[in-house]
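Survey of secondary and tertiary structure
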Amino acid sequence: MGSCRHPNDVWTRYQGWRRVSARIAMLALALIASLPGALKAAPEGQLTWGVHFTLAPTWFDPAETSSMITPFVVMYALHDAMVKPMPDKPLAPSLAESWTVSEDGMVYEFNLRAGLKFHNGEPVTAADVKFSYERYRGTSAQLMKDRVASVDTPDARRIRFNLKAPWPDFLTFYGSATGAGWIVPKAYVEKVGEEGYKRAPIGAGPYKFVSFTPGVELVFEAFEQYWRKVPNVKRLVLKVIPEESTRLAALKRGEIDIAYSIRGELAEELQRTPGLALKPVVLHGTFWLYFADQWDPKSPWHDPRVRKAASLAMDYKTINQALTLGHSLINGSIIPDSFEHYWQPPEPVFDLVQAKKLLAEAGFPKGFDGGDYYCDASYANLGEAVLDNLRAAGIRVNLRPLERAAFFKGYSEKKFKNLIQGSSGAFGNTATRMETFVIKDGAYSYGGYPELDELYRKQAVELDPKKRTEMLHKMQQLVHEKTMYAPIWQLALVNGVGPKVGESGLGLISRFAYSGPYEDVTLKAK
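Residues numbered from 1 in each chain as written. Predicted model: local features only at pLDDT ≥ 70, side-chain atom pairs only at ≥ 80, totals over all residues. Heavy atoms only, no water.

Concerning the sheet that holds strand E5 (residues 107-112)
Stated formally: The pairing criterion for strands is at least two bridges between them, as found by DSSP. Numbering of helices and strands runs from the N terminus, with a helix taken as a DSSP run of H or I at least four residues long and a strand as a DSSP run of E at least two residues long. Comment: axis = line fitted to C-alpha atoms, over the contacting stretch for helices; angle = value between 0 and 180 degrees taken between N-to-C directions.
With respect to topology, 4 strands assemble into an open sheet ordered E4-E5-E7-E6, the strand pairing being antiparallel. One side of each edge strand has no neighbouring strand; the edge strands of this open sheet are strand E4 (96-101) and strand E6 (148-155). Within this sheet the neighbouring strands show an average axis-to-axis angle of 20°, counted without direction. Relative to strand E7 (residues 158-163), E5 runs antiparallel, the two sharing 5 bridges.

Notes on the pairing of strand E15 (residues 419-424)
To keep it simple, the criterion reads: Each residue is assigned to one of three classes by its accessible area relative to the maximum for its type, calculated with a 1.4 Å probe on protein chains only: buried under 20%, partly exposed between the two thresholds, exposed over 50%.
For E15, the buried fraction is high: 6 of the 6 residues fall into the buried class. Of the two faces of E15, the one lined by Leu 419, Gln 421 and Ser 423 and the one lined by Ile 420, Gly 422 and Ser 424 are each fully buried. Sheet topology note: the strand E12 (residues 277-291)/E15 ladder contains 6 bridges and is antiparallel. Note on E15: the bridge partner recorded for Tyr 290 is Ile 420. Taken together, the 3 bridges between strand E13 (residues 368-376) and E15 define a ladder with parallel strand orientation. Directly across from Tyr 373, in E15, lies its bridge partner Leu 419.

Focus on the nonpolar core
For clarity, the threshold we go by: Joining through side-chain atoms within 4.5 Å is the link that ties buried Ala, Val, Leu, Ile, Met, Phe, Trp, Tyr and Cys residues into a set, and such a set is a nonpolar core. What makes two residues a contact is simply this: any of their non-hydrogen atoms within 4.5 Å.
In terms of nonpolar packing, the biggest core is built from 147 residues, with Trp 49, Met 82, Phe 161, Phe 170, Tyr 174, Leu 390 and Tyr 411 touching the most fellow members. Those residues within four positions of Leu 390 in sequence are excluded, and the remaining contacts are Leu 289, Ala 310, Ala 313, Tyr 373, Ile 395, Val 397 and Leu 419. Ranked by size, the runner-up nonpolar core spans 12 residues in total, among them Leu 251, Ala 259, Leu 270 and Leu 276.

This is how it looks when you write it as structure tokens:
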């Protein structure tokens, strides 16, 4: 005679199987989540950007990063950094999952994430991090090497920077204001050489290099083993279209999906076009007139009254409305308003009468020939507007637009005279901007003033935040009082976005000029 199970026994076993099944399901989900993209949605489709400048191979190599934001349009795709600006975080852990600072401020130790890979499958190690720092030769390279005593690699995932003295800005310089913390593969660079690396760069970023056709386009493909996430879009194309109306026409025809820098009447036309969206983004990017000859006693620009006259001659609000539909900020400084230690100067004034009066007092009642006005060709229309303002005051200058890479090369090599329409959208803080553009030995400084150099030296080692801010405020006041620069604006880059785009990435990283992070951009669902 068969036995009969008690109903309670059956129920108990049923409950037990439910718990086991739930655990199995949770383990399966955890396993899927841990896989490097194999079971996740694969990247699909293509997004194409129309960029407003000619792409240069120097931007493929973090070692050559200049003090402008342009190289990062490539670096955020191809490369990754130990720490870097990201959405909602001015310095986010990236290749480094964490870092510590010693109590005396002399030692910074970084810990790499486990399982990081370069695009060729090789692991990212502490040796690559040390190599990338030591071969760095871009902006502020000498400053960093003067302040870092040594770099140690206790093991494959730990890197230790030993400073010569406490330096409050080490992480800002290493993590945002320079390319020193963006990592390249040591073995590969040594194998192919410096020029070979630019021809076929390999990084650890969310996108792999596919091809580069000079003057035409740069193509990337998704790297599905990227540590942060699998990119959404399979293929990214940066298409070189320097002419503004051509970029807009390409956007209208659907040949590109995002058009950078559409200004003035073309921006108004874009706003009226069904299916297209205007996307202005205010940047860290300040623009200015730099008086390269202000230290030459024989130059009219040596007289501060002449420099002040040029500043008063600029009709800031009209230029802003005409070119960026009023979206740019007139902040009166070469320092972005979002930077730590920013000092708010008096509001810039447009006063043509006072400008002419100052010129007369300086010995130029009928004006004078101010020489050449150098600028980045992609902002020649801004130069034309300022040039017209200067002529109205009696200052006659000749516009000299140059391709972006050539312009910044000439600027940094101190080859220009008279007037330079300079700019920088680089990450950092007030001290990093001062180091590059104000102190005597700055990368883009044609001269300096002893009191400014002394204040910079003191603030660099001051550990009291309040005292340091006071020093940096004083530096900005002196730059303003001397009219060392005539600030124009803090640019709002006015962009166009086409109908295929879901997330453009514009504005996700605070004050960043371009789309980013690239792994977050999306196409609209079909």
